[in-house]
Amino acid sequence: MLEVFRPPRPPGRDAHVKSLRDEMEIVNAYELVGTYRGAAALCGTTAKTVKRVLGRRTAGQVGRRPSMPRMRNTAAVVPLITQSIRTTDGRISAKRLLVLAKKDGYSGSARNFRRAVAEAKAGWKKERRTYRPWVPVPGHYLVQVQVTLADRVRG
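Structural notes, computed from the coordinates. (Residues numbered from 1 in each chain as written. Predicted model: local features only at pLDDT ≥ 70, side-chain atom pairs only at ≥ 80, totals over all residues. Heavy atoms only, no water.)

**What about helix α4 (residues 78-87)?**
Phase 1 of the analysis: Taken together, the buried positions of α4 are occupied by Leu80, Ile81, Ser84 and Ile85. Along the axis of α4, the buried residues cluster in a sector spanning 125 degrees; they form a single face. Opposite the packed face of α4, turned more than 90 degrees from it, sit the exposed residues Pro79, Arg86 and Thr87. (Buried < 20%, exposed > 50% of the residue type's maximum accessible area, 1.4 Å probe, protein only. Helix = DSSP H or I, 4+ residues; strand = E, 2+ residues; numbered from the N terminus. Arc of directions from axis to C-beta.)

Put into structure tokens, the structure is as follows:
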């Protein structure tokens with residue numbers, strides 16, 4: 001009989017979710033035994049779980065199920081943040097901006113708001129100034145170095 005070692009799982013909110021290793025063990029047990037109930041008995045789970053894991057596997061959904069994209073609670077005040085950062089040239093702090101956002105209807109935490117402001121400031125700094133590459137002129141740098149060396153010798 002096939003015995004599978006499973007380390008004890010700490011209690012938590014995701015205790016009912018099978019890991020990738022558990023899912024592979026379920027698939028291997030099903031291939032070995034050939035029945036849902038037999039694979040469930042070997043893996044210590046239910047036949048319904050074995051059927052779901054195998055169904056996802058045949059559908060091509062290997063691994064975790066995709067989670068739904070979540071809206072950030074700062075999404076409603078992003079226009080206010082970006083407009084304030086542009087008008088103040090990036091000098092406004094999140095602490096002062098939070099007061100305006102609360103008046104605008106923001107009900108989230110200050111920490112999330114600070115993160116959103118920091119992200120917006122980082123994006124603004126990248127767009128703020130364009131850095132042109134240094135295009136060397138042949139011999140120009142050497143001439144400048146020689147002139148400064150000559151000035152140091154004289155001085």
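After that view, the rundown keeps rolling.
**So, the pattern of salt bridges**
Here the idea is simple: oppositely charged side chains can pair when their charged atoms come close.
Phase 1 of the analysis: All told, the structure shown has five salt bridges when counted by the stated rule.
Phase 2 of the analysis: The partner of Arg21 in a salt bridge is Glu25, and the shortest N-O contact between them spans 3.8 Å. A residue pair is termed a helical-turn pair when its members lie 3 or 4 positions apart in one helix, as Arg21 and Glu25 do in helix α1 (residues 20-33) at four residues.
Phase 3 of the analysis: A relative accessible area of 16% places Glu25 in the buried class.
Phase 4 of the analysis: When the shortest N-O distance is used, the salt bridge between Asp89 and Arg128 registers 3.5 Å. (Salt bridge = Lys/Arg side-chain N within 4 Å of Asp/Glu carboxyl O.)

**Topic: the packing of helix α5 (residues 94-103) against helix α6 (residues 110-128)**
Phase 1 of the analysis: The interhelical angle for the contact between α5 and α6, taken along N-to-C directions, is 115 degrees, at an axis separation of 10 Å. Classified by the interaxial angle, the pair formed by α5 and α6 is roughly perpendicular. Helix-helix and strand crossings are classified by hand; for α5 and α6 the assignment is right-handed. From α5, Ala94, Leu97, Leu98 and Ala101 reach across to α6, where they touch Ala110, Phe113, Arg114 and Val117.
Phase 2 of the analysis: Split by residue class, the contact of α5 with α6 holds seven nonpolar, no polar and one charged. (Axes fitted to C-alpha atoms, helices over the stretch in contact; angles between N-to-C directions. Parallel < 35°, antiparallel > 145°, perpendicular 65-115°, else oblique. Left-handed = near helix turned anticlockwise from the far one by under 90°. Contact = heavy atoms within 4.5 Å. Nonpolar A, V, L, I, M, F, W, Y, C, P; charged D, E, K, R; others polar.)

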